[in-house]
Amino acid sequence: MPQYQAVKGARDIFPEESAQWKYVEEVVHTVASLYGFSEIRVPVFEYTELFQRGIGSTTDIVGKEMFSFLPDPNGRSITLRPEMTAGVMRAALQKSLLSTAPLHKLYYIGELFRKERPQAGRQRQFSQFGAELLGVSSPAAVAEVITLMMQVFQSLGLRGLKLRINSLGDKDDRHRYREALKSYFLPFQEMLDDSSKERLEKNPLRILDSKNPAIKEIVAGAPRLYDYLSPSSVEDFEKVLFYLAERGIAYDIDHLLVRGLDYYCHTAFEVTSSELGAQDAIGGGGRYDGLSRELGSSTDVPAAGFAAGMERVLLTMEKQGLLAALTPHGPVAYVVIQQQELEDHGMQVAWRLRKAGIRTEIDLAGRSMKAQMRDANRMRAAWALFIGAAEVTTGLYTLKNLVTSEQSTLSLEAVLELLQEPASGELQK
Ligand code: AMP
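Quick notes on the rules
- Residues numbered from 1 in each chain as written.
- Predicted model: local features only at pLDDT ≥ 70, side-chain atom pairs only at ≥ 80, totals over all residues.
- Heavy atoms only, no water.
- Axes fitted to C-alpha atoms, helices over the stretch in contact; angles between N-to-C directions.
- Helix = DSSP H or I, 4+ residues; strand = E, 2+ residues; numbered from the N terminus.
- Parallel < 35°, antiparallel > 145°, perpendicular 65-115°, else oblique.
- Left-handed = near helix turned anticlockwise from the far one by under 90°.
- Contact = heavy atoms within 4.5 Å.
- Buried < 20%, exposed > 50% of the residue type's maximum accessible area, 1.4 Å probe, protein only.
- Arc of directions from axis to C-beta.
- Core = buried A, V, L, I, M, F, W, Y, C linked by side-chain atoms within 4.5 Å.
- Domains from an automatic or database assignment.
- Pairing = 2+ DSSP bridges.
- Salt bridge = Lys/Arg side-chain N within 4 Å of Asp/Glu carboxyl O.

A.B. asks: An account of the packing of helix α6 (residues 139-155) against helix α10 (residues 231-246) is needed here, citing residue identities and associated values.
C.D. replies: When two helices pack together, their arrangement is given by the angle between their axes and by how far apart the axes lie. At a closest axis distance of 9 Å, the pairing of α6 and α10 adopts a crossing angle of 40°. As summarised for this structure, α6 and α10 are arranged oblique, according to the angle between their axes. Note on packing geometry: the crossing formed by α6 with α10 is right-handed. In this structure, α6 contributes Pro139, Ala140, Val142, Ala143 and Ile146 to the contact, and α10 contributes Asp236, Lys239, Val240, Tyr243 and Leu244.

A.B. asks: Which residues make up helix α2 (residues 48-55), and what values do they have?
C.D. replies: For α2, the complete set of buried residues consists of Thr48, Leu50, Phe51, Gly54 and Ile55. Each buried residue of α2 sits inside an arc of 160° when the element is viewed along its axis, so together they form one side. Those residues of α2 that are buried lie in contact with β2 (45-47), α3 (60-65), β3 (68-69), β4 (78-80), α4 (85-94) and α11 (291-294).

A.B. asks: Please set out the environment of Tyr108 residue by residue, giving values where relevant.
C.D. replies: Of note, Tyr108 is situated in strand β5 (residues 104-113). In sequence terms Tyr108 and Phe129 are 21 residues apart; their C-alpha atoms lie 5.5 Å from each other. If near-sequence neighbours (up to four positions away) are discounted, Tyr108 is found in contact with Ile40, Met84, Val88, Gln128, Phe129, Gly130, Ala131, Glu132, Phe306 and Ala307.

A.B. asks: Can you tell me about the nonpolar core, naming the residues and giving the values?
C.D. replies: Where a protein is soluble and globular, its nonpolar side chains tend to be buried together. Formed by 84 residues in total, the largest nonpolar core has its most connected members in Phe153, Phe185 and Met317. No other element matches α6, which puts nine residues into this core. Those residues in contact with Phe185 that sit more than four places away from it in its chain are Leu192, Leu200, Pro204, Ile207, Leu208, Ile218, Val219 and Ala222. Core analysis: the next-biggest nonpolar cluster, separate from the first, contains 19 residues, Ile337, Trp383, Ile387 and Leu416 among them.

A.B. asks: Describe the domain arrangement of the protein, naming the residues involved and giving the relevant values.
C.D. replies: With domains assigned, the protein is organised as domain 1 (15-170 + 230-319) and domain 2 (330-428). For domain 1 and domain 2, the distance between their C-alpha centres works out to 47 Å.

A.B. asks: Explain the pairing of strand β16 (residues 396-401) residue by residue, including any values.
C.D. replies: One ladder, built from four bridges, connects strand β15 (residues 383-387) with β16; its direction is antiparallel. Paired with Trp383 across the bridge in β16 is Asn401. Across five bridges, β16 lies against strand β17 (residues 407-411) in antiparallel orientation. If you follow Lys400 over to β17, its bridge partner there is Gln407. Linking β16 back to β17 in an antiparallel pair, the connection comprises five residues, with Ser405 at a positive phi of about 70°.

A.B. asks: Help me get a handle on the pattern of salt bridges, residues and values and all.
C.D. replies: Under the counting rule described, the total for this entry stands at 22 salt bridges. Linking Lys105 and Glu144 is a salt bridge whose minimum nitrogen-to-oxygen distance equals 3.9 Å. With Lys105 in strand β5 and Glu144 in helix α6, this pair connects stretches of sequence that are 39 residues apart. A relative accessible area of 23% places Glu144 in the partly exposed class. Here Glu198 ties to Lys202 by a salt bridge, and the two come within 3.1 Å at their closest N and O atoms. With a gap of four residues between them, Glu198 and Lys202 both fall in helix α8 (residues 194-202), about one helical turn apart. On the accessibility criterion, Lys202 (52% relative accessible area) is exposed. What emerges from the salt-bridge pattern is a single network uniting Asp60, Lys64, Arg199 and Arg206.

A.B. asks: Please give an account of the sheet that holds β4 that cites residues and values.
C.D. replies: Strand order in this open sheet of three strands is β2-β4-β3, and the pairing throughout is antiparallel. Both edges of this open sheet fall to β2 and β3, since each of them pairs with a single strand only. Taken together, the three bridges between β2 and β4 define a ladder with antiparallel strand orientation. Looking at the pairing, Tyr47 lines up with Ile78 of β4. Its contacts with the sheet put α2 on β2, β3 and β4, and the angle it makes with β2 is roughly 80°.

Written as structure tokens, this is what we have:
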């Protein structure tokens, strides 16, 4: 075994897989632009306080999962981003984006870092794509981000996904509910596990999130947040559901769905894939009107967004056979050198083809003609262009169509014209 291995929870993505990533990314870019979202790229690290304030100190992410470090002995603690929303909101506030236009629709694709126990579909370095709609918070805005997310999944061909949705109400609703939950859980206090006991004190809503079967049983009898919503919160939620129904997006209302992050309000949602086993969440999001104030802004920046896990999307695609249909494009032309002395000429021809925008391969290892042809077929090149002594003297080249085996003799200019094709993406279906 080599001396150095990738860090636990981080993995390499080799070319074949990388081409699949690019395909998913392309779909994200395309669908995001259909909805008028523009890409934002924010730093991989931020000051630690941003996440403490923006995500909430009672969450697992801030409590135990952040990779934080001091850049120098007197510096401020820095953290590798464990999620994107706080960074995007920080960037928007720092640039006073909302003063230039009342609404900003941003999306991102990027790496995140969480110190979780690695397992299938759960890594310490992973990637998300997501969108944030800043400046307007309304049922229409929430429906917009959910629809965008679902259209990405649909464009990728994913099947059997389940969208669960809930309303967390507004601050007052949640305050009333929190008190009701506390009163409900208090008689069960002795039966709670340590983390639930702690949550009872700090954030009883999060007990509803517990995966512990004993706690789940207690949770089953707990009051429902929905029953504590004000009429206007109910109306807000029903409008979101109306939009989803109008667009043919199926959902289940899940009264126990509370997102782990503190700044969510009103609609929260999560999409799961039955292909994924224990870590079955593929994406989720909601409304987070409270975040901007939490980050020190003097004005409210109402907002809604979603984030989806790239690895889990790809895992689901793999399980559903959607990746097998994607094969990397082979080269258009393979320049076959018949004799070693003609290598320089072959290289010059390959360069001409590439300059003309034609994907071209050439052997750099001085292999036999037979080996080059094997290589061309393995790579599924469309054409072989032969470089022999006759070609060099006459300027006429033998071009073989590797699908039909037809051959023709052409000048290099004619070859260039024949092989030039409109630029296409990385993968073919
Ligand atoms: P969250 O930011 O926790 O709401 O996560 C949003 C999505 O990111 C989840 O639905 C997952 O698909 C993905 N995700 C979260 N944590 C991880 C992880 N540790 N490894 C891989 N994917 C993750």
